[in-house]
Amino acid sequence: MEPIGSVLQRYAGLFEIRELGQELCNGCGVTVRLVEVIPKGSLPGGRFKLGCRCEELRIVREIMAENKRRHTERIRALFDRLSLISPSLKNARFETFRVETDSQRQALAAAKAYVERFGTGPAENMLFVGPYGTGKSHLAVSVVRALIDREYTGIFASVPDLLTKIKATYNRRSDVSEDDVLEALRTVDVLVLDDIGAEYSGNADESWAESKIFEVMNARQGMATVYTTNLNGEQLQAKIGARNFSRMCEGLVVVKLSGRDYRRTKIKF
Ligand SMILES: [Zn+2]
């Protein structure tokens, strides 16, 4: 192999470097040396920025974007794997919420404002209350999806389905154990407990249900939980117990929905 010294000797004299001064590179913000390479033979010349970090920064940005994409994918996978959500709500978003009454318009605005405020102050709980079919669950799903878009972790759990599943499946042959599920419910940035206070199939054991719900709600003190119910305050307190009700009321934003049946009006004949 030819020594580097003799290579340089062969090329020396084939080009000339002229210093053009210094400049702040707009791309990387580093002060760079501007040089002009003037070839004497057939070598390419041109102007160069010595010390420019643009290329390095481009690579770093690409890596960061890739990490962010993977992070977002993991958050979506968590939601998909652990949420107990009816198929009709799988794609519910703010954009697909149909406003037909004033209360729905106000509820949509309140839900969007909740998302905007999220993470800027103390955690707030939110309760969508109103009759069946007014779009409470749709808005609750939309809140979680909007927060997932902002890289918060979230799970949507229909309370009757959750209690039934905890009782029937998680401790038997299931790929997810009850402990895993409860741990996720306790720690996600936002949890929806949909249809809280509703009957579930194992309703012979109300105190068991109450204590399971308390386990989750108690662990989520200072964290955001979104509830939906078609019960009024008095009925709900009687149903979920005073302890749960008082946890729920901490920093609670109440959004009332009324009006035409949201689900029924979707079908037109
Ligand atoms: Zn640069």
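Note: the structure precedes this text.
Residues numbered from 1 in each chain as written. Predicted model: local features only at pLDDT ≥ 70, side-chain atom pairs only at ≥ 80, totals over all residues. Heavy atoms only, no water.

Caption draft 1: Up close: the overall build of the chain. The helix and strand inventory of the chain stands at nine helices and eight strands. Counting over 269 residues, the chain shows a buried share of 38%. Contacts spanning at least 24 positions in sequence make up 74% of the contacts within the chain whose residues lie at least 6 apart. Here the chain displays about 15,600 Å² of accessible surface, and carbon together with sulfur accounts for 53% of that area. (Helix = DSSP H or I, 4+ residues; strand = E, 2+ residues; numbered from the N terminus. Buried < 20%, exposed > 50% of the residue type's maximum accessible area, 1.4 Å probe, protein only. Contact = heavy atoms within 4.5 Å. Areas by Shrake-Rupley, 256 points an atom, 1.4 Å probe, with all protein chains shown as cover.)

Caption draft 2: Region of interest: the packing of aromatic side chains. Within this structure, the stated rule accounts for two aromatic pairs. Ring geometry for Phe 118 versus Tyr 152: centroids 4.7 Å apart, planes at 70°, classification edge-to-face. One end of the pair, Phe 118, is in the loop between helix H3 (102-117) and strand E4 (125-129); the other, Tyr 152, is in the loop between helix H4 (136-149) and strand E5 (154-158), and 34 residues separate them in sequence. According to the relative accessible area criterion, Phe 118 is buried, its value standing at 14%. The ring of Phe 214 is capped by Arg 243, whose NZ or CZ atom sits 3.8 Å from the centre of that ring. (Phe/Tyr/Trp six-rings, centres within 6.5 Å; stacked < 30°, edge-to-face > 60°. Lys NZ or Arg CZ within 6 Å of the ring centre and 35° of its normal.)

Caption draft 3: Here's a closer look at the coordination of the zinc ion. The protein atoms donating to the zinc ion are Cys 25 (SG), Cys 28 (SG), Cys 52 (SG) and Cys 54 (SG), with metal-donor distances spanning 2.3 to 2.4 Å. Classification of the site at the zinc ion as tetrahedral follows from its four donor atoms and the range of 94 to 123° in their angles at the metal. Mapped onto the sequence, the residues coordinating the zinc ion show the spacing C-x2-C-x23-C-x1-C. Of the two residues, Cys 28 is situated in the loop between strand E1 (15-24) and strand E2 (31-39) and Cys 54 in helix H2 (residues 54-82); the sequence distance between them amounts to 26 residues. (Donors = N, O, S within 2.8 Å, 3.2 Å for Na, K, Ca; no water. Tetrahedral: all angles 85-135°; square planar, octahedral: opposite > 155°, others 65-115°.)

Caption draft 4: Here's a closer look at the sheet that holds strand E8 (residues 252-256). If you walk across this open sheet you meet the five strands as E5-E6-E7-E4-E8, and the pairing is parallel. Pairing within the sheet leaves two strands with one partner each, and these edge strands are E5 and E8. Averaged over neighbouring strand pairs, the angle between their axes works out to 15° when direction is ignored. Sheet topology places E4 next to strand E7 (residues 224-229); four bridges connect them, and they run parallel. Of the residues in E7, the one forming a bridge with Met 126 is Val 226. (Pairing = 2+ DSSP bridges. Axes fitted to C-alpha atoms, helices over the stretch in contact; angles between N-to-C directions.)

Caption draft 5: Layout of the nonpolar core. Counting 30 residues, the largest nonpolar core has Phe 94, Tyr 114, Phe 128, Leu 139, Val 143, Phe 156 and Val 226 as the members making the most contacts within it. Within the residue set of this core, elements represented by two or more residues are H2, H3, E4, H4, strand E6 (190-194) and E7. If near-sequence neighbours (up to four positions away) are discounted, Tyr 114 is found in contact with Glu 124, Asn 125, Met 126, Val 143, Ala 224 and Val 226. If you look at the next biggest cluster of nonpolar residues, it comprises 29 residues, including Ala 157, Val 159, Ala 184 and Trp 208. (Core = buried A, V, L, I, M, F, W, Y, C linked by side-chain atoms within 4.5 Å.)

Caption draft 6: Spatial organisation of helix H6 (residues 178-187). Every buried residue of H6 is accounted for by Glu 178, Val 181, Leu 182, Ala 184 and Leu 185. Along H6, the residues classed as buried sweep out an arc of 160° about the axis, all on the same side. (Arc of directions from axis to C-beta.)

Caption draft 7: Structural view of the environment of Leu 147. Positionally, Leu 147 belongs in helix H4. On the basis of relative accessible area, Leu 147 is assigned to the buried category, the value being 0%. When the C-alpha positions of Leu 147 and Tyr 114 are compared, they lie 9.9 Å apart, and in sequence the two are 33 residues distant. Discounting residues that sit within four places of it in the chain, Leu 147 has contacts with Val 115, Phe 118, Tyr 152 and Val 190.

Caption draft 8: View of the packing of H6 against helix H7 (residues 206-219). Relative to each other, H6 and H7 sit at 40°, their axes nearing to 8 Å. Of the possible angle classes, the one that applies to H6 and H7 is oblique. Along its contact with H6, which presents Glu 178, Leu 182, Leu 185 and Arg 186, the element H7 presents Lys 212, Glu 215, Val 216 and Ala 219. Looking at the contact of H6 with H7 residue by residue, the classes come out as four nonpolar, no polar and four charged. (Parallel < 35°, antiparallel > 145°, perpendicular 65-115°, else oblique. Nonpolar A, V, L, I, M, F, W, Y, C, P; charged D, E, K, R; others polar.)

Caption draft 9: Region of interest: a nonpolar patch on the surface. Taken together, Leu 14, Phe 15 and Ile 17 make up a surface patch of nonpolar side chains, about 250 Å² in accessible area. Structurally, the position occupied by Phe 15 is in strand E1. On the basis of relative accessibility, which here comes to 38%, the residue Phe 15 falls in the partly exposed class. (Patch = residues over 30% accessible without salt bridge, like charges linked within 9 Å, V, L, I, M, F, W, Y side chains within 5 Å. Salt bridge = Lys/Arg side-chain N within 4 Å of Asp/Glu carboxyl O.)

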